[in-house]
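Commentary on secondary and tertiary structure
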Amino acid sequence: MGSGEEAKRAVDSGCDVIVAQGIEAGGHIRGATALLPLLATVLDAVTVPVVAAGGIASGRSMAAALAAGAAAVRVGTRFLATPEAGAHPDYVAALLAAGDDATVVTSAFSVGWPNAPHRVLRSALAAAEAFEGDVVGVLTTDGREQPLPRLAALTPSRQVSGTVTAMAMYAGQGVSQVTAVVPAAQVVTDLAQEAARLLAAWGR
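Residues numbered from 1 in each chain as written. Predicted model: local features only at pLDDT ≥ 70, side-chain atom pairs only at ≥ 80, totals over all residues. Heavy atoms only, no water.

1. Comments concerning the overall build of the protein chain
Counting its regular elements, the protein chain contains seven helices and nine strands. When its C-alpha atoms are laid out on the principal axes, the protein chain stretches across 55 × 35 × 35 Å. If you take every contact in the protein chain between residues at least 6 apart in sequence, the share linking residues at least 24 apart comes to 59%. As presented, the protein chain carries roughly 10,000 Å² of accessible surface, and 53% of it is formed by carbon and sulfur atoms. (Helix = DSSP H or I, 4+ residues; strand = E, 2+ residues; numbered from the N terminus. Contact = heavy atoms within 4.5 Å. Areas by Shrake-Rupley, 256 points an atom, 1.4 Å probe, with all protein chains shown as cover.)

Now the structure itself:
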């Protein structure tokens, strides 16, 4: 949810849990508010558990969201750099090389999902805008090839070939904290342990 009003409507419709998604999130985003201010608004608006999402890629950011009242966190970009994710190696390499100002919100990658703002790597947007041609790559599944148009919303997996650097490389603002490829279980352990240590230090 991108606002307190949206969260209230969801609860009124029967939702038992709300995900408050800050604009720091990678991929498609719903609102325009940073996570912590949004989390405060949503927590005041509803009584069901609220999960915090958007830019969380370290134990410190996880601890901050939990200390602010979130019941849990939702992590996206950090899990792209795991063997289990299936992201294309060029995508993973771009994530690992990304700095603090590496992402941008745009609506450019709209083929197949129009009129939906999303956060991607700035380098991917620049490469897509500079790409010459209508087809940027091919998706191969079950032996069948599907051409991928330039500015397609599909994110590059290992089943994709072509100019991967000009495809929709979704990433949240916490991407600079993604520095190595490790198993998903290790990501969970590292996040939980660091968050627990910090919360204890903060007296939470």
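2. What about the pairing of strand β7 (residues 135–141)?
As paired elements, β7 and strand β8 (residues 144–149) share six bridges and run antiparallel to each other. Note on β8: the bridge partner recorded for Thr141 is Arg144. Joining the antiparallel neighbours β7 and β8 is a turn of two residues, in which Asp142 adopts a positive phi near 50°. Inspection of the sheet shows β7 paired to strand β9 (residues 160–162) by three bridges, in the antiparallel sense. Across the sheet, residue Val138 finds its bridge partner in β9, namely Ser161. (Pairing = 2+ DSSP bridges.)

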